[in-house]
Amino acid sequence: MATKTKAKSSTSKKAEFSKETYMEWYESMLLMRRFEEKAGQLYGQQKIRGFCHLYIGQEACAAGSVSALTKGDKYITAYRDHAHPIALGTDPKYIMAELFGKVTGVSKGKGGSMHMFDKERGFMGGHGIVGAQVPLGAGIGFAEMYLDSGKVCMCYMGDGAVRQGAFHEALNMAMTLKMPTIFVIENNGYAMGTSVARTSNVTELYKLGYAYDMPSKPVDAMSVEEVHLAVSEAADRARKGEGPSLLEFRTYRYKGHSMSDPAKYRTKEEVEEYKGRDPIEQVKQTILKKKYASEADLKALDTRLKEQVMESVKFAEESEFPPADHAYTDVYMDANYPFITD
């Protein structure tokens, strides 16, 4: 079973958000959902090959983080990485093309599902090795600190990644040097098919940050509002030079770990319980209650987003595969490294 511990509210008084913010959240999360649903269908049709890890159910984690940060901030995550660039504004057609392995993809068809990148939007990639992105996230934070940029790095990981030694090494170094990195555990309850309770005596994962005196807290990540508030608070600390934070986003994935996972290790009742707190549906109900939009308006938006996803599929299908000689490009970085100055 996944941990049933409820996250405490990140604020004692419910914050108010504007109509524009709710509509942006809804559109962003719904686009993620429709994109991932289509990706799952295409994988079943063998148009997408290799591994494919869907983000369905976890949309508030990405949407709430992006709305809380500013242009120029950096993001890095693991291999469940299709939704983060969507939240940042990457055109879905380039993400879909990458899933197809086409040269028009965000990683030129070389990365596939697990290695999305978008330098222009500060997305420093999805990374396939469990926990490997955690010290990279610390390093990106160090670079921003070194450049005195005032920017922060969001470093996401799954609950299984915290069992890696690199996680502890990164937290220790980040806290010691006061790096502006926000470490985020997207705790969906399972590391592949193994529940958190079966991997550690510590099931409240945010407490792992206490070993380094790092400000750490749990966040109800089925609520995009709570995600936004927690990230805003952590980012404010980081920009003031007060160092990193560890946030445990308590979320849930409705699908298996990957497309090859039937997820028989959990009950239908458990999945339905979390679906009852669906982050997109919560935002939808708030929009309707506050009369920010009508049911017809939201249905029209959904239709438009589905059309956008289908256009991205068409773009991917019509794009070319990379030429064979592209295997030898993008191997080495230009020697004119930006941190080297006279």
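If you're wondering where the values come from, they're calculated on a predicted model, not measured in any experiment.

Some remarks on the pairing of strand β1 (residues 74-77)
Point 1. Side chains K74 and I76 project from β1 onto one buried face, and the interleaved Y75 and T77 project onto a second face that is buried too.
Point 2. Sheet topology places β1 next to strand β3 (residues 153-158); three bridges connect them, and they run parallel. Across the sheet, residue I76 finds its bridge partner in β3, namely C155.
Point 3. Pairing of β1 with strand β2 (residues 123-126), which is carried by two bridges, proceeds in the parallel orientation. Its bridge partner being in β2, T77 is matched across the sheet by G126.

As for the sheet that holds β2
Point 1. Pairing is parallel in the open sheet, where six strands are placed in the order β2-β1-β3-β4-β8-β7. Among the strands making up the open sheet, the edge pair consists of β2 and β7 (216-220). Direction aside, the axes of adjacent strands within the sheet are offset by 20° on average.
Point 2. Where helix α2 (residues 59-68) meets the sheet, it contacts β1, β3, β4 (181-187) and β8 (245-250), and its direction lies at approximately 170° from that of β3.
Point 3. Across the sheet, helix α6 (residues 165-177) touches β3, β4 and β8, and the angle it forms with β4 is around 150°.

A few points about the packing of aromatic side chains
Point 1. This model, assessed by the stated rule, comprises nine aromatic pairs.
Point 2. Aromatic pair F17 and W25: ring centres 5.0 Å apart, planes at 65°, arrangement edge-to-face. The residues F17 and W25 share a single accessibility class, namely buried.
Point 3. When the ring of Y22 is compared with that of Y292, the centres are 6.2 Å apart and the planes differ by 35°; the resulting orientation is tilted. Remark: Y292 occurs in the loop between α9 (279-289) and α10 (295-318) and Y22 occurs in helix α1 (residues 19-44); sequence separation between them is 270 residues.
Point 4. Among the aromatic residues, ring-to-ring pairing joins F17, Y22, W25 and Y292 into one connected group.
Point 5. Taking NZ or CZ as reference, K93 lies 4.8 Å from the ring centre of F315, over its face.

Quick notes on the environment of K119
Point 1. Mapped onto the fold, K119 is located in the loop between α4 (92-99) and β2.
Point 2. Distance in space between the C-alpha atoms of K119 and K217 is 30 Å, their sequence separation being 98 residues.

Things to note about the confidence of the model for the chain
Point 1. Scored by pLDDT, the chain has a mean of 92; 93% of the residues are at 70 or more.
Point 2. Taken as a whole, residues 1-13 scores under 50 in pLDDT and shows 29 contacts with residues more than four places along the chain or in a different chain.

Details of the pattern of salt bridges
Point 1. Under the definition given, this model contains 23 salt bridges.
Point 2. The salt bridge partner of K207 is E204, with a shortest N-O separation of 2.6 Å.
Point 3. Among the residues examined, K207 registers a relative accessible area of 36% and is labelled partly exposed.
Point 4. Overall, E204 belongs to the partly exposed group, its relative accessible area being 22%.
Point 5. Note that D302 and K306 form a salt bridge whose closest N and O atoms lie 3.9 Å from each other. Of this pair, D302 and K306 both sit in helix α10, four residues apart, roughly one helical turn.
Point 6. Note on D302: relative accessible area 14%, which makes it buried.
Point 7. A network of salt bridges, in which partner residues are shared, links R34, E37, D302 and K306.

Concerning the pairing of β3
Two faces belong to every sheet, and in a regular strand the side chains alternate between them.
Point 1. Of all six residues in β3, five are buried, a share of seventy percent or more.
Point 2. When β3 meets β4, the two strands line up parallel, connected through six bridges. Pairing of M157 across the sheet is with I185, part of β4.
Point 3. This β-α-β element, β3 to α6 to β4, shows right-handed connectivity.

Quick word on α9
What sets the pattern is the α-helix's 3.6 residues per turn: residues three or four places apart point alike.
Point 1. Taken as a whole, α9 has its buried residues at P279, I280, V283, K284, T286 and I287. What you see down the axis of α9 is that its buried residues fit within an arc of 160°, all on one side.
Point 2. Against α1, α2, α7 (224-239) and α10 lie the buried residues of α9.
Point 3. Capping of α9 at its N-terminal end is provided by D278; its side-chain oxygen lies 2.9 Å from the backbone amide nitrogen of I280.
Point 4. Looking at the residues trailing α9, positive phi occurs at K291, about 60°.

Quick word on the nonpolar core
Point 1. Ranked by size, the top nonpolar core spans 67 residues in total, and within it M96, I182, V231, L247 and F249 carry the most contacts.
Point 2. The element that contributes the greatest number of residues to this core is α1, accounting for 10 residues.
Point 3. Within the second largest apolar cluster, 22 residues are counted, among which are C155, A161, F183 and M214.

What counts as what
- Residues numbered from 1 in each chain as written.
- Predicted model: local features only at pLDDT ≥ 70, side-chain atom pairs only at ≥ 80, totals over all residues.
- Heavy atoms only, no water.
- Buried < 20%, exposed > 50% of the residue type's maximum accessible area, 1.4 Å probe, protein only.
- Helix = DSSP H or I, 4+ residues; strand = E, 2+ residues; numbered from the N terminus.
- Pairing = 2+ DSSP bridges.
- Axes fitted to C-alpha atoms, helices over the stretch in contact; angles between N-to-C directions.
- Contact = heavy atoms within 4.5 Å.
- Phe/Tyr/Trp six-rings, centres within 6.5 Å; stacked < 30°, edge-to-face > 60°.
- Lys NZ or Arg CZ within 6 Å of the ring centre and 35° of its normal.
- pLDDT = per-residue confidence, 0-100.
- Salt bridge = Lys/Arg side-chain N within 4 Å of Asp/Glu carboxyl O.
- Right-handed = clockwise from strand over helix to strand, strands pointing away.
- Arc of directions from axis to C-beta.
- Polar contact = N/O pair within 3.5 Å; in protein donor to acceptor, adjacent residues only side chain to side chain.
- Core = buried A, V, L, I, M, F, W, Y, C linked by side-chain atoms within 4.5 Å.

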